[in-house]
Amino acid sequence: MPFDPPIARHVRDIPRSGIRDFFDVVQNVPDVVSLGIGEPGFVTPWHIREAAIYALEHGKTGYTSNLGLLSLRKEISKYVEEKFGLTYNPETEIIITVGVSEGMDIALRSILNPGDEVLYHEPCYVSYHPGVILAHGVPKAVACRAENNFLPSVKDFENACTGHTKAMMLNFPTNPTGAIASRDELKAFADLAVKKNLLVLSDEIYAELTYEGKHTSIATLPGMRERTIFFHGFSKAWAMTGFRLGYACAPAPIIEAMMRVHQYAMLCAPILSQEAALEAMRNGDNAVAKMREEYFMRRNFLVSELNAMGLECRMPGGAFYAFPSIRNTKRTSREFALELLKKEKVAVVPGDAFGPTGEGHVRCSFATGMQEVEKAVERMKRFLKT
């Protein structure tokens, strides 16, 4: 009798990542111009790479504390106070994780009991929905609308709340839409969190890549520090995706709970990545500013060209994604992306990869080089004409 592997139902029923699934197809197409993967086109600044090399050459190859290097946590504490106006004790209120994704995962596993509901705005990063399911929670998407610049409605969030709602997940600037929220808009979410006694998981990985106004963390608002888990990392602003390093800041009891999961799942983040991050914290501001300026120029060019070719696109306030509508092509997001890939060898991500409300759009990353963006634009123009 053949053996049927006993895969857990909640794992078996989770779909593959829509982004990675699509890029399995892309890998089989030669000479592709990619506006797909959300990864900086810049190489990690040399002085940051050199710090990792120096650490390796000097034998720093062991474990660190479960929470991460204390020296790094101290630098992070200084950084978030200077940049965000948040104060955290580096010894008890900061944990270093293997990217923000692991931080979000251990946070959800730390706070959720089976059946607890988590609200999040959609279109959204692909791991939010499955992350809640893997933690035995109940994910509840709140749809965002293009006419509101993809900013979620607080009223819709409140209407989605039940007696089982425990937390809400916010991501500003947003992947995939580039939506941002002002301090006043965040205040409404903060008021709801206090009113409904909710925990807030705030993913602010794109905070440094804000082009319109000043980024505000919801954790700085009255009554929110004690009920917010602040997530950040090094992948996007410092172009350190392969280093896989993030961090979470929260009140000590929450960090302690997260550490208890982290110590058995990961033990600690890689020490070489932590050594590189130390250098990024101490001397990385100039590199971040230069990359942000490049993204700003690419954003303006790409959004202008998308609108000119007839694909209506809102100006993203942050991150490095444009999210144009392709509804006037009479194709689904996936049909559009596959046809564009086949005919013109341009890769964009179908909008439904970010949830059902992303249908009718595609995500175009301008994190790649300007020449690649220009080449993609010319090919997309040709595609739409034919």
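Refer to the structure printed above.
Residues numbered from 1 in each chain as written. Predicted model: local features only at pLDDT ≥ 70, side-chain atom pairs only at ≥ 80, totals over all residues. Heavy atoms only, no water.

If you had to explain the nonpolar core to someone new, which residues and values would you point to?
Grouped together as the largest cluster of nonpolar side chains are 63 residues, with contacts concentrated most on L108, M169, L201, I229, F231, M258 and F320. Other than its neighbours up to four places away in sequence, M258 contacts I95, G103, I106, A107, S110, I229, F231 and A248. Within the second largest apolar cluster, 31 residues are counted, among which are I76, I94, Y247 and M281. (Core = buried A, V, L, I, M, F, W, Y, C linked by side-chain atoms within 4.5 Å. Buried < 20%, exposed > 50% of the residue type's maximum accessible area, 1.4 Å probe, protein only. Contact = heavy atoms within 4.5 Å.)

An account of empty space enclosed by the protein is requested, with residue identities and associated values reported.
Per the stated rule, a full pass over the model turns up one cavity of 30 Å³ or more. Roughly 40 Å³ of volume is contained in the largest cavity. Partitioning the lining of the largest cavity into residue classes produces four nonpolar, three polar and one charged. (1 Å grid on protein atoms, 1.4 Å probe; cavity = no way out; pocket = protein on both sides within 12 Å on 5 of 7 lines; lining within 4 Å. Points joined across faces, edges and corners; volume = space filled by probe spheres on them. Nonpolar A, V, L, I, M, F, W, Y, C, P; charged D, E, K, R; others polar.)

Quick rundown of the pairing of strand β7 (residues 228-233)? Include the residues and the values.
Along β7, six of the six residues are buried, which leaves the element largely enclosed by surrounding structure. Residues of β7 alternate between two faces, with T228, F230 and H232 on one and I229, F231 and G233 on the opposite face, all of them buried. Relative to β7, strand β6 (residues 199-203) runs parallel, the two being bridged by four bridges. Looking at β7, one finds that D203 is bridged to F231. Bridge analysis of β7 against strand β8 (residues 246-249) gives four bridges, and the strand direction is antiparallel. (Helix = DSSP H or I, 4+ residues; strand = E, 2+ residues; numbered from the N terminus. Pairing = 2+ DSSP bridges.)

Describe the sheet that holds strand β12 (residues 362-365), with residues and values.
Spatially, three strands are ordered β9-β12-β11 in an open sheet, and the strand pairing comes out antiparallel. If you trace the sheet from one side to the other, it starts and ends with β9 (321-322) and β11 (349-350), each paired once. The sheet contact formed by β11 and β12 spans two bridges and is antiparallel. Note that in β12 the partner of V349 across the bridge is R363.

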